[in-house]
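# A closer look at the structure
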Amino acid sequence: MTTTPPAAAPLPAPHTTTTAPAGTTPANALTGKRRIAFASFVDENYLPGFLALLRSLALSNPGVCEDFIVLHDGLRPASVAQIRALHPRIDFRRVDAAHYDTYAKGDQDNYLVRKAYFILDVFRVRDYDTVITLDTDMVVLGELDELLTLRDGLAAVPQFFYGQHKLNSGLLVIQREYLSDAFCARIDEVGRQGTYELDKHDQGILNAVLDGDFVQLDARYNYVKRRLSGDLPVPDTTAILHFTGRHKPWQGGEAGYSLAEDRWRGFELSDAEFHAAYLALPGAKHHDLLVHYGTPHVRRTADPESARRVAAAHIGAGEYQEAADLLGGVRIPVDEAWPHEVLGNALMSVSRYQEARTQLLLAAAAPNRAATAFSRLAQIAWIHGDDATAAQYALEGLGVDPTHRANRLMYKRTRDAETPAEGPAGEQLAHVAFYMDRQGNAGDKLLPQSVRLAFGRDTGPARWHSVHAHRLFDEAALERVNARRGLVIGGGGLFIPDTAPNGNSGWQWNVPDDVLERIDVPVMVYAVGFNAFDGQAYGHGRDRFLSSLRKLVERSSFFGLRNHGSIEKVRELLPPSLRDKVRFQPCPTTVTRQLVEGWTDPAQRENTVLINAAYDRAGLRFGHDYGHFLAEMATAVKGLGAHAEVKCVAHSLDDERIAFDLRREHGIALPVIPMYDFGNDEIRDTYARTKLVIGMRGHAGMIPFGCGTPVISLISHPKMAYFLADIDRPEWGISVHDRHLGARLVERAAGLLDDHAAAVADVHGRQQELWKVTEANAADLRLVQAGVRV
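This is a predicted model, so every value here is computed, not measured. (Residues numbered from 1 in each chain as written. Predicted model: local features only at pLDDT ≥ 70, side-chain atom pairs only at ≥ 80, totals over all residues. Heavy atoms only, no water.)

The next subject is the overall build of the chain. Across its full length, the chain holds 32 helices and 23 strands. A globule of 790 residues ought to have a C-alpha radius of gyration of about 28 Å, and the chain, at 29 Å, matches this closely. Taken along its principal axes, the extent of the C-alpha atoms in the chain is 90 × 70 × 55 Å. Counting the 790 residues in the chain, one finds 58% classified as buried. Intrachain contacts of the chain at a sequence separation of at least 6 include 72% that bridge at least 24 residues. As displayed, the chain offers around 30,400 Å² of accessible surface, 49% of which is attributable to carbon and sulfur atoms. (Helix = DSSP H or I, 4+ residues; strand = E, 2+ residues; numbered from the N terminus. Rg over C-alpha atoms; globule rule 2.2 N^0.38 Å. Buried < 20%, exposed > 50% of the residue type's maximum accessible area, 1.4 Å probe, protein only. Contact = heavy atoms within 4.5 Å. Areas by Shrake-Rupley, 256 points an atom, 1.4 Å probe, with all protein chains shown as cover.)

Put into structure tokens, the structure is as follows:
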């Protein structure tokens, strides 16, 4: 049966960006990313059941960690501590019995009645898009992926004994349209009327409200104990086992259900047993769970392999100091190569380079870890400006594994690079940027030249001294910069913790505070972005980042960020005395037509639509919705094919994945444009000649826009919403999580293609507004370079 939402709560409007200040808008409101939570009503009587439920959820779904709402009407501090020990994301919410007094039938002291009513409080939750209720007399035995990917309606398992038109409320999957005042009012109305089954309470009320209109789930998601009467075994397909009835396993159980109760007792574990069981599970594990259970396990056992796995989880989340502290506190045997390699990675990420070298040399002695260890040793040497040693380490790594990409790139970077003949130092600007390797991200490849064009037509070594942001800015680098007439820093999303991590600044430029303070030429921060993802944090490196950021703003003569979202984020991190120094400077790629000398718009465009998808940090981009996104993109590609030829444009090698996945999962073949192999002129030319770009990467929107091409943004990162808000075109963005993404993409694309001349004119008009800001800032920058305070 297909559910219909309550009449008073229609489907959400299509997601677009928002123009509200980023500092007051949650990141998920910008990206449309679904917030999912589990929920249970818990009291002291059912606490043993709930603790077993939490253990079973983690052991059966080790890669899942959503917030868990605990509804309660009073729990002891010791009970709260037990619950927190079993889940890292608990949200305790006390319920108020008052709003059920009118229909509690005088039985408010009965726990089963209280539990039945109070779980209805879940419908009063307003800060999640999907809530999954679990009774405290359940245990989870199988994967819940199907529940986590549900997007519509209210889903439940039909009652076993009462016909298919009624639900069993032990498990509910509730979408946002039901988490509403209107639906709560309907619940209250039925409750006051008392026209529901008195012995069923919450499910009686819900059945009366829904009248059979719910999404029916397979019985394996709420497999009631009564199905197993006579000591029948629990079917292997069971995902959730529900111990309905008054006799619970932790209270002694009930005759005739011993095999089912044995499954429950398998989760009656001490914390030490539970932690060990979780770490022993095969396959991928969620970062939060691995850290929450693994940290006490490591402290208890000092096991280096467990410490290695927890430290690797920290590194994967950008928590480098935490990884170094945990693994550094464990004695690692000399011949345990993998923990040495992970510790070396953590240490180099917090700029403890000499200690990192020691660990990586130990790891390099083992053939199975040597290639990666050598690549990290090569990186440390390169960071310190020692290209010869970096090349040698990379060559040794290739000797172990000739296919190792990191070693191959480092060897080419250090051996093939030519040092250009530069002009006189006093006539140059120094430029700190991320200079991308060949086959690197196309947007990052174009950025340095685009920034330089904003300062003049000559972008070569006569006017510019290049400083790679990821190399250590040491005394020698300081001397070279101070010999120039100024320092430009940008563009790109340099404020991010996990791209080229270092302990000197906490962001992409590897500059110690004391060296930064001694730069004595004008410092101009130009079109830098705050690039943290929805759900990404700086961890223990936050203080280091804040200190570096504040010193940078203090030292800067010009501090321009590329969107107002970044401006608000950065201003929040600064003391009031520095906030006014932060100003808007659009990314220069967005005004390409104004900057490139001799630019002419194409006389005729190819009848193509270019699609770009990004896969770095895929978990942060898609959550549980990648399958939905891919299916919707298949719909979009089919629909767009009626208007133009659709191609995949890959800014990096990983971006080609959408073409592979569409072919494998949906039988759709897309030609791929390998933009990662293109030069800057070819990148601009490709984007200028197409009719429309649908892009997920920031520069898959900004570059074509700057070339005068209409764009639609696939929003999986707040920066996409920031850009569209700045140009006052939020309708050009659609969340990757949008329920009707495919249809809406086709509709909006058709509108832009059908009246393409008007769409191009609109792009030109929006671009002109950004150009006015850029020109005004250019006037100030000329004064800065002349030594005038602005």
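Attention shifts here to a nonpolar patch on the surface. Side chains of Leu783, Val788 and Val790 sit close together on the surface and give an oily, nonpolar patch of about 220 Å² of accessible area. Structurally, Val788 can be placed in the segment after α32 (756–785). Exposure remark for Val788: the relative accessible area of 39% places this residue in the partly exposed category. (Patch = residues over 30% accessible without salt bridge, like charges linked within 9 Å, V, L, I, M, F, W, Y side chains within 5 Å. Salt bridge = Lys/Arg side-chain N within 4 Å of Asp/Glu carboxyl O.)

Here we come to the side chain of Thr414. Within the secondary structure layout, Thr414 lies in helix α17 (residues 405–416). In this structure the side chain of Thr414 is engaged in a polar contact, spanning 2.8 Å, whose partner is the backbone oxygen of Met410. Those residues in contact with Thr414, other than ones at most four positions away along the chain, are Trp382, Asp387, Ala390 and Ala391. (Polar contact = N/O pair within 3.5 Å; in protein donor to acceptor, adjacent residues only side chain to side chain.)

Once that is clear, we can look at the pattern of salt bridges. Evaluation of the coordinates by the stated rule reveals 43 salt bridges. Between Asp681 and Arg684 there is a salt bridge, with its nearest N and O atoms 2.9 Å apart. In this pair, Asp681 and Arg684 are both assigned in helix α28 (residues 680–689), three residues apart and thus about one turn of the helix distant. Note that Asp762 and Arg729 form a salt bridge whose closest N and O atoms lie 2.8 Å from each other. Of this pair, Asp762 sits in helix α32 while Arg729 sits in the loop between α30 (718–726) and β23 (733–735), and the two are 33 residues apart along the sequence. For Arg729, a relative accessible area of 16% gives the class buried. Here the salt bridges do not stand alone but share partners, grouping Asp616, Arg617, Arg621, Asp655 and Arg697 into one network.

Glancing now at the sheet that holds strand β2 (residues 67–72). As summarised here, the arrangement of the seven strands in space is β3-β2-β1-β4-β7-β6-β8, forming an open sheet in which the pairing is mixed. Every other strand in the sheet has two partners, leaving β3 (90–94) and β8 (215–216) as the edge strands with one partner each. Helix α3 (residues 77–86) rests against β2 and β3 of the sheet, and its axis sits at about 150° to β3. (Pairing = 2+ DSSP bridges. Axes fitted to C-alpha atoms, helices over the stretch in contact; angles between N-to-C directions.)

Before going further, it helps to spend a moment on the sheet that holds strand β20 (residues 672–674). Here we have six strands laid out as an open sheet, ordered β20-β19-β18-β21-β22-β23, and parallel in their pairing. Across the chains shown, the open sheet's two edge strands, defined by having one partner strand only, are β20 and β23. Put simply, the sheet's adjacent strands are angled 25° from each other on average, direction ignored. Note that strand β18 (residues 608–612) and strand β19 (residues 645–650) share four bridges and pair parallel. Bridge assignment links Leu610 to a residue of β19, and that residue is Lys647. Sheet contacts for helix α31 (residues 741–754): β18, β21 (692–695), β22 (711–715) and β23; angle to β22, the most-contacted strand, approximately 165°.

This part is about the packing of aromatic side chains. Scanning all chains against the criterion turns up 24 aromatic pairs. Summarising the aromatic geometry, the rings of Phe495 and Phe545 are spaced 5.9 Å apart at their centres and angled 65° between planes, so their arrangement reads as edge-to-face. One end of the pair, Phe495, is in strand β14 (residues 492–495); the other, Phe545, is in helix α21 (residues 542–555), with 50 residues separating them in the sequence. Under the relative-accessibility criterion, Phe495 is labelled buried at 0%. Phe545 gets classed as buried once you look at its relative accessible area, which sits at 1%. A centroid spacing of 6.0 Å and a plane angle of 35° characterise the contact between Tyr626 and Phe629, whose relative ring orientation is tilted. Pair noted here: Tyr626 and Phe629 are both in helix α26 (residues 626–640), with a separation of three residues, about one helical turn. Take Tyr626 and Phe629: they sit in the same class, and that class is buried. (Phe/Tyr/Trp six-rings, centres within 6.5 Å; stacked < 30°, edge-to-face > 60°.)

With that out of the way, let us pick up α3. Restricting attention to buried positions, one finds in α3 the residues Ser79, Ile83 and Leu86. Taken end-on, α3 shows its buried residues confined to a sector of 65°, consistent with a single buried face. Structural note: α3 exposes Pro77 and Ala78 on the side pointing more than 90 degrees away from its buried face. (Arc of directions from axis to C-beta.)

Tracing the sequence through the fold places Leu395 in helix α16 (residues 387–400). Each C-alpha atom, one on Leu395 and one on Ala378, is 9.1 Å from the other, the two residues being 17 residues apart in sequence.

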